[in-house]
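Chain residues, written in single-letter form:
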Amino acid sequence: MTDYQTARVSLGVRLRELREGAGLSGRELAFRAGWHPSKVSRLEHGKQTASTDDLRSWALLCGRQDAAGGLVTQLRSLETHYANWRRQLAAGHEARQHSYFPLDERTRRFRIFESACVPGFLQTAEYARFMFRRGVRLHGVPDDGQRAVDARIERQRVLEAPDKTFHLLIWEPALRFRLAPDTVMADQLEHVIAELTLGRAEIGVIPMRCSMDVVPSHGFWIFDDDRVIVETIGAELCLTDDDAVEPYRRVFDQLSRSAVRGPVAVRLVEGVIGDLTGAAASRQKRS
């Protein structure tokens, strides 16, 4: 169970305690609130997230208006763990990139694993542009185009900070997925090679054919030792409980042992470029 789901279940337990303390059945509470009877059950079992108004109504109907503040505080805590993309991107991708600046500033050690795309810290402007376009289409959020790209590139300046360390792991498929036109992909791969050579970050590439003890099911970012951010299709998860963060630290260490670095990593990326350009040439020949 995720931190988010655990917190939602905990809130549900508290709601049930208040209802039972007031001597109300679930059906009676639902009737007084004007809700469908199943809503009470869903809230109490952590199957639905309550709104602030739901919580205040619940406390009022249970004769415990004094409990409303605590319930809302629990909800706010829950929401720090889970933010759907429509809400995250309501003001566009530019605002979201800027929202990370304070976290980037205070973080001293970054550990980043990406399994499906090039990490944001290593993205070229054109590759980032196509990534943002996907988010706009999928979530129906404002398209702030160049401003979003500029904000991402600005965020990359943190790589130059002398008091920070960066450990980036990229699974080989993330380099091979055609998330942009071939020319953009080729430029992006050349940029990864440049960063491998420049050494601003320790970059490891995990070959597809290597043996791994863990499944690289999704990417994640670890900020110092106390925060993990995971991007899913529908939302961004922010995990801060040590019990939730620790597995990501262990998985990162295990994945790191499977990665190649330095000249070996450069040759691997060059091979991906060769496959990309070869496939493009073959398509042109057939056409």
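Refer to the structure presented above.
Quick notes on the rules
Residues numbered from 1 in each chain as written. Predicted model: local features only at pLDDT ≥ 70, side-chain atom pairs only at ≥ 80, totals over all residues. Heavy atoms only, no water. Buried < 20%, exposed > 50% of the residue type's maximum accessible area, 1.4 Å probe, protein only. Helix = DSSP H or I, 4+ residues; strand = E, 2+ residues; numbered from the N terminus. Arc of directions from axis to C-beta. Salt bridge = Lys/Arg side-chain N within 4 Å of Asp/Glu carboxyl O. Core = buried A, V, L, I, M, F, W, Y, C linked by side-chain atoms within 4.5 Å. Contact = heavy atoms within 4.5 Å.

What helix α4 (residues 52–61) keeps buried is the set Thr52, Asp54, Leu55, Trp58 and Ala59. Buried positions in α4, seen along its axis, are confined to an arc of 160 degrees and lie on one side of it. Directly beyond the C-terminal end of α4, a positive phi value near 70 degrees is found at glycine 63.

Two side chains with opposite charge may pair up if their charged atoms get near one another. Overall, the coordinates contain 20 salt bridges when judged by the stated rule. Note that glutamate 94 and arginine 147 form a salt bridge whose closest N and O atoms lie 3.2 Å from each other. With glutamate 94 in helix α7 (residues 93–99) and arginine 147 in helix α10 (residues 145–155), this residue pair connects regions lying 53 residues apart in the sequence. With a shortest N-O distance of 3.6 Å, arginine 261 and glutamate 202 are connected by a salt bridge. Residue arginine 261 is found in the loop between α13 (242–257) and α14 (262–286), and its partner glutamate 202 is found in strand β4 (residues 202–206); the two are separated by 59 residues along the sequence. Overall, the relative accessible area of 28% leaves arginine 261 in the partly exposed class. What emerges from the salt-bridge pattern is a single network uniting Arg96, Glu231 and Glu236.

Our focus in this paragraph is the environment of leucine 198. The residue leucine 198 is located in helix α12 (residues 182–198) in this model. Leucine 198 sits in the exposed class, given a relative accessible area of 56%. Along the sequence, leucine 198 and methionine 131 sit 67 residues apart, while their C-alpha atoms lie 24 Å from each other.

This part covers the environment of alanine 201. Positionally, alanine 201 belongs in the loop between α12 and β4. Relative accessible area serves as the criterion here: at 8%, alanine 201 is assigned to the buried category. Separated by 79 residues in the primary sequence, alanine 201 and leucine 122 place their C-alpha atoms 9.7 Å from one another.

Residues Phe121, Tyr127, Phe166, Leu175 and Val269 are the most contacted members of the largest nonpolar core, which totals 42 residues. Listed by contribution, the elements that provide at least two residues to this core are β2 (109–114), α9 (125–139), β3 (165–171), α11 (172–176), α12, β4, β5 (220–223) and α14. Beyond its immediate chain neighbours, meaning those up to four positions away, phenylalanine 166 contacts Phe110, Phe121, Val158, Leu159, Arg200, Ala201 and Glu202. Core analysis: the next-biggest nonpolar cluster, separate from the first, contains 19 residues, Leu43, Trp58, Ala67 and Val72 among them.

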